[in-house]
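Architecture at a glance
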Amino acid sequence: MINDKKVLYSGMQATGNLTLGNYLGALKNWLDLKDEYECFWGVMDLHSLTVRQEPAEFRKKARNLLILYIAAGLDPKENCIYFQSHVSAHAELSWLLSCFTYMGELNRMTQFKEKSAKHSDNINAGLFTYPVLMAADILLYQADYVPVGKDQKQHLEITRDIAERFNSIYGDVFTIPEPYIGKGGAKIMSLQDPLKKMSKSDENVNGSIYLMDDADTVVRKCKRAVTDSDGEIRYAEEKPGISNLLEIYSSCSNISIADAEKEFAGKGYGDFKLAVAEAVNAVLAPMQKEYERLQKEKDFIDGIIKENDEKAAYIANKTLRKARKKLGLTEKPR
Ligand code: TRP
């Protein structure tokens, strides 16, 4: 608890261009939580290093992600929006926790198996211990809740296991985090292969709508979206393309799928696709405008970063000191 509020922790990796899927599936839902909980939103730049990054580009991407959080509506005065790498307690606690994590547990992680298959030329130890760093992220802030998608559930489970193991030896050091099950973000699929999740690392750029795509690009991508030949606009398992477009439309316009179906009953796919593009652009345009504005406010953004780094470090260091003490590491003389 901080200020009588439960603590919620989440973040995104600072790689790739965020897609409409990242927004509708995660960011948009974070906006609903920002008042009720004490929220920490990290730019997870240390995690990004498990894959080789081009330094200049990486530096820009990480900063852009932080700006995007704010442009999307997260409030950097109310919530703590910060860079993981600016708070050294993350790396320190990660080491301490790695001594309480078993090789066997890490070996079972599906994401490690998938990522090492994908990057077989660079299966580094960081990729293997990725979940330990993630546990440190969450436990440092004594988070009560972590809103995560399906793909991160296993990481939250190992976080709980590590925390319980540590607590059972040393007493209550860490809050055991729960997954935050809200109304759940929409799951947005690729426009080109609607059986696959829309992904920022998709090689086919037509499959994803990026948050920085201009209006014409969005129209073009929606027009090209893969559908079917049955001609009816309804949500059904055997119609993944149309169902995905309905999902996008309903999420962007904040109406139910059923209402969206009613709205387009009897209409053709062409008109529907244009309406989807329009709904998407109505969401993206104000965000992009704010993003452009904030890009020019260098001092303001630097100020936010400084303030939030300090706020995060204050809380994180408190937990780190407690863990160090319990472990019997010598205290620094004052
Ligand atoms: N692994 C997460 C992802 O790729 C990002 C992440 C790192 C994270 N640390 C976290 C998410 C802590 C939630 C809490 O999506």
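Residue positions within a chain follow its written sequence, with the count starting from 1. pLDDT decides what is reported in this predicted model: residues at 70 or higher carry local features, side-chain atom pairs at 80 or more are listed and counted, and totals for whole chains, interfaces and linings draw on all residues regardless. Only heavy atoms go into the side-chain values, all of them from the structure, while hydrogens and water stay out.

1. Examining the pattern of salt bridges
Heads up, the rule is: Criterion for a salt bridge: a side-chain nitrogen of Lys or Arg within 4 Å of a carboxyl oxygen of Asp or Glu. Only DSSP runs of H or I with at least four residues qualify as helices, and only runs of E with at least two residues qualify as strands; both kinds are numbered from the N terminus onward. Think of it in three bands: with a 1.4 Å probe and only protein chains considered, a residue is buried below 20% of the maximum accessible area for its type, exposed above 50%, and partly exposed in between.
Summed over the entire model, instances satisfying the criterion amount to 16 salt bridges. As a salt-bridge pair, Lys311 and Glu38 come within 4.0 Å of each other at their nearest N and O atoms. One end of the pair, Lys311, is in helix α13 (residues 298-327); the other, Glu38, is in strand β2 (residues 38-44), and 273 residues separate them in sequence. By relative accessible area, Lys311 is classed as partly exposed at 26%. Overall, Glu38 belongs to the buried group, its relative accessible area being 8%. In the salt-bridge network here, residues are joined through shared partners; they are Asp228, Asp230, Glu232, Arg234, Glu238 and Lys239.

2. With respect to the domain arrangement of the protein
As a measure of interface size, the accessible area lost when the parts come together is often cited. Spelled out, the test is: Boundaries of every domain are those given by an automatic assignment or by a domain database. When two parts are brought into contact, each loses some accessible area as probed by a 1.4 Å sphere; the total of that loss over both is the buried area. In protein, a polar contact means a hydrogen-donor-capable atom and an acceptor-capable atom, both N or O and within 3.5 Å, with residues adjacent in sequence counting only if both atoms are side-chain atoms; elsewhere, any N or O pair within 3.5 Å suffices. Residue classes follow a fixed rule: Ala, Val, Leu, Ile, Met, Phe, Trp, Tyr, Cys and Pro count as nonpolar, while Asp, Glu, Lys and Arg count as charged, and any other residue, Gly among them, counts as polar.
When the domains of the protein are assigned, the result is domain 1 (6-181 + 298-327) and domain 2 (205-293). Summing both partners gives a buried area of about 1,200 Å² for domain 1 against domain 2, and 77% of it is carried by carbon and sulfur. For domain 1, the biggest contributors to the area lost against domain 2 are Leu20, Leu68 and Ala71; these three give 40% of the whole. Applying the counting rule to domain 1 against domain 2 returns zero salt bridges. Taken together, the links from domain 1 to domain 2 amount to five residue pairs in polar contact (both at pLDDT 80 or more). Looking at the side of domain 1 that touches domain 2, its residues break down into eight nonpolar, three polar and one charged.

3. A closer look at the site of the ligand
Stated formally: For each residue, the test is whether any non-hydrogen atom lies within 4 Å of the molecule or strand; if one does, the residue is near.
Close contacts around the ligand come from Tyr9, Ser10, Gly11, Gln13, Met44, His47, Tyr130, Met134, Asp137, Ile138, Val146 and Gln152, and that covers them all. Tyr130 is positioned such that a nitrogen or oxygen atom in its side chain is 2.8 Å from a nitrogen atom of the ligand. Here a nitrogen atom of the ligand sits 2.7 Å away from a polar atom, N or O, in the side chain of Asp137. When residues of the shell around the ligand are traced back to their parent elements, those giving at least two are β1 (7-13) and α7 (125-140). Tallied by class, residues from the shell around the ligand come to six nonpolar, five polar and one charged.

4. Re the packing of helix α10 (residues 240-253) against helix α12 (residues 269-296)
Inclusion rule: For every element, the axis is a line fit to its C-alpha atoms; helices are fit only across the contacting stretch, and the angle between N-to-C directions ranges from 0 to 180 degrees. Crossing handedness is read from the near helix: turned anticlockwise from the far helix by less than a right angle, it gives a left-handed crossing, and turned clockwise, a right-handed one. Residue contacts follow a heavy-atom distance rule, with two residues in contact if any of their heavy atoms lie within 4.5 Å.
Closest axis-to-axis distance for the α10/α12 pair is 9 Å, and the angle between their directions is 40 degrees. Pair α10 / α12 crosses with left-handed handedness. In contact with Ile242, Leu245, Leu246, Ile248, Tyr249, Cys252 and Ser253 of α10, α12 contributes Tyr269, Phe272, Lys273, Ala275, Val276, Ala279, Val280 and Val283. The residue makeup of the contact of α10 with α12, split by class, is 13 nonpolar, one polar and one charged.

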